[in-house]
Amino acid sequence: LVQQTGIIKTVSGSTVEICGYDSIIREYTLSASSKTFVNSTAGTLSSTYVGCAVTVTAKNNTVVNLSITNDSTVKWVQGIYTSISSISSGITLSIKSMQTDVVMNYTVPTASKVTQDGTTAAITAIKTGSFVSIKTVSNVVTEVRAITGDRTLSGTVSLISYGTTVTLKITDSN
């Protein structure tokens, strides 16, 4: 079994696109045998879950389980870390949002959980250009996940889309 975690980016019918905490956007199509859980209860995939945390469990390229965490007080934003500044109420982290392409500022309280490449880190240790996932609960930052460096995805190119941004759709082995 293979598990991928991230944030739901789009939903169209039985297809869900997630942006992983590793910055790689993946697309999954649920089959008739796939099971969907919302807050640990059997449910159905819906576009109302865009922005929610999700874990996809797959076996032999088939989705076995889609487990969605839906909480109206929780919001996730993902993007590229651009700068940091210190203010009286804490540290402000600026990121260029993947969703809106706009630079947004988030004050990170000292009690927030911060990880870089899966290891606990100080917020000031995050490297410029890192991919970050920020979790807020009732508009307060509670978690920052940062990933540095390049990521590699191996597979077969199934689509190339040219424009201002060149997009490659890769079918991986999982």
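Because the structure is predicted, anything quoted here is derived from the model rather than measured.

### Looking at the sheet that holds strand S8 (residues 74-87)
(1) Moving on: Pairing in this open sheet of seven strands is mixed, and the strands run S10-S9-S8-S13-S14-S11-S12 from one edge to the other. The open sheet has two free edges, formed respectively by strand S10 (103-108) and strand S12 (119-120), since each of these has just one partner strand.
(2) Moving on: Here S8 pairs with strand S9 (residues 90-97) via eight bridges, running antiparallel. Residue pairing in the sheet places Ser86 in a bridge with Ile91 of S9.

### Considering the environment of Ser46
(1) Moving on: On the secondary structure map, Ser46 appears in the loop between strand S5 (41-42) and strand S6 (53-59).
(2) Moving on: Linking Ser46 and Val16, residues 30 residues apart in sequence, is a C-alpha distance of 9.1 Å.
(3) Moving on: A polar side-chain atom of Ser46 sits 3.1 Å from a polar atom in the side chain of Thr48.

### Description of the side chain of Ser94
(1) Moving on: Its place among the elements puts Ser94 in strand S9.
(2) Moving on: For Ser94, a relative accessible area of 7% gives the class buried.
(3) Moving on: Beyond its immediate stretch of four places on either side in the chain, Ser94 contacts Ile80, Tyr81, Thr82, Ser83, Val103, Met104 and Asn105.

### Some remarks on the sheet that holds strand S4 (residues 35-38)
Backbone hydrogen bonds hold the strands of a sheet together, and the pairing may be parallel or antiparallel.
(1) Moving on: If you trace the seven strands from one edge of the open sheet to the other, you get S3-S2-S1-S6-S7-S4-S5, paired in mixed fashion. The two strands at the open ends of the sheet, each matched to only one other strand, are strand S3 (25-29) and S5.

### Some points on the pattern of salt bridges
Two side chains bearing opposite charge may form a pair once their charged atoms approach each other closely.
(1) Moving on: For the structure shown, the criterion picks out three salt bridges.
(2) Moving on: Put simply, Asp22 and Arg26 hold a salt bridge, and the shortest N to O gap is 3.1 Å.
(3) Moving on: Classification of Asp22 by relative accessible area gives partly exposed; the value is 21%.
(4) Moving on: Between Lys96 and Asp101 there is a salt bridge; the shortest N-O distance is 3.5 Å.

### Looking at the layout of surface pockets
(1) Moving on: In this structure, the second largest pocket encloses a volume near 190 Å³.
(2) Moving on: Lining of the second largest pocket is provided by 13 residues; of these, Gly51, Cys52, Thr69, Asp71 and Val74 occupy positions nearest its centre.
(3) Moving on: Broken down by element, the residue count for the lining of the second largest pocket peaks at three residues, all from S8.
(4) Moving on: Grouping the constituent residues of the lining of the second largest pocket by class yields five nonpolar, five polar and three charged.

### Examining the pairing of strand S2 (residues 15-20)
(1) Moving on: The sheet contact formed by strand S1 (residues 2-12) and S2 spans six bridges and is antiparallel. Residue pairing for S2: Gly6 is matched across the bridge by Gly20.
(2) Moving on: With antiparallel pairing between neighbouring strands as the criterion, S1 and S2 make up a hairpin whose turn holds two residues, including Gly13 at a positive phi of roughly 65 degrees.
(3) Moving on: As paired elements, S2 and S3 share five bridges and run antiparallel to each other. Bridging across to S3, Ile18 finds its partner in Arg26.

### Considerations on the packing of aromatic side chains
(1) Moving on: What the rule picks out here adds up to one aromatic pair.
(2) Moving on: With a centroid separation of 5.3 Å and an interplanar angle of 45 degrees, the aromatic rings of Tyr21 and Trp76 are classed as tilted. Within this pair, whereas Tyr21 is found in the loop between S2 and S3, its partner Trp76 is found in strand S8, the two being separated by 55 residues in sequence. Residue Tyr21 shares its accessibility class with Trp76, and that shared class is buried.
(3) Moving on: The ring of Tyr21 carries the charged tip of Arg145 above its face, separated from the ring centre by 3.9 Å.

Rules behind the numbers
As a convention, each chain's residues are numbered from 1 in the sequence order in which they are written. Residue-level local features of this predicted model are given only where pLDDT is at least 70; pairs of side-chain atoms are given and counted only at 80 or more, and the full residue set underlies all totals for whole chains, interfaces and linings. Values shown for side chains rest on all heavy atoms present in the structure; no hydrogens or waters enter the calculation. For two strands to be treated as a pair, DSSP must find no fewer than two bridges joining them. Helical segments are the DSSP runs of H or I of at least four residues, strand segments are the runs of E of at least two, and each set is numbered from the N terminus. Think of a polar contact as two N or O atoms within 3.5 Å of one another; within protein, one of them needs to be a possible hydrogen donor and the other a possible acceptor, and neighboring residues in sequence only count if both atoms come from side chains. Each residue is assigned to one of three classes by its accessible area relative to the maximum for its type, calculated with a 1.4 Å probe on protein chains only: buried under 20%, partly exposed between the two thresholds, exposed over 50%. Any pair of residues with heavy atoms lying within 4.5 Å of one another is described as a contacting pair. Within this document, salt bridges are pairs made up of a side-chain nitrogen of Lys or Arg and a carboxyl oxygen of Asp or Glu, the two lying within 4 Å of each other. Only protein atoms enter the 1 Å grid used here, on which a cavity is any set of points holding a 1.4 Å probe that cannot leave and a pocket is any open set flanked by protein within 12 Å on both sides along at least five of seven lines; residues with an atom within 4 Å of a point are listed as lining. Grid points are joined across faces, edges and corners, and a volume is the space filled by probe spheres set on the points. Residue type decides the class: Asp, Glu, Lys and Arg count as charged, Ala, Val, Leu, Ile, Met, Phe, Trp, Tyr, Cys and Pro as nonpolar, and the leftover types, Gly among them, as polar. Each aromatic pair joins two rings of Phe, Tyr and Trp (for Trp, the six-membered one) with centres within 6.5 Å, and gets the label stacked for planes under 30 degrees apart, edge-to-face for over 60, and tilted for any other angle. Only Lys NZ and Arg CZ are tested; either one counts as a charge over a ring when it is within 6 Å of the ring centre and within 35 degrees of the ring normal.

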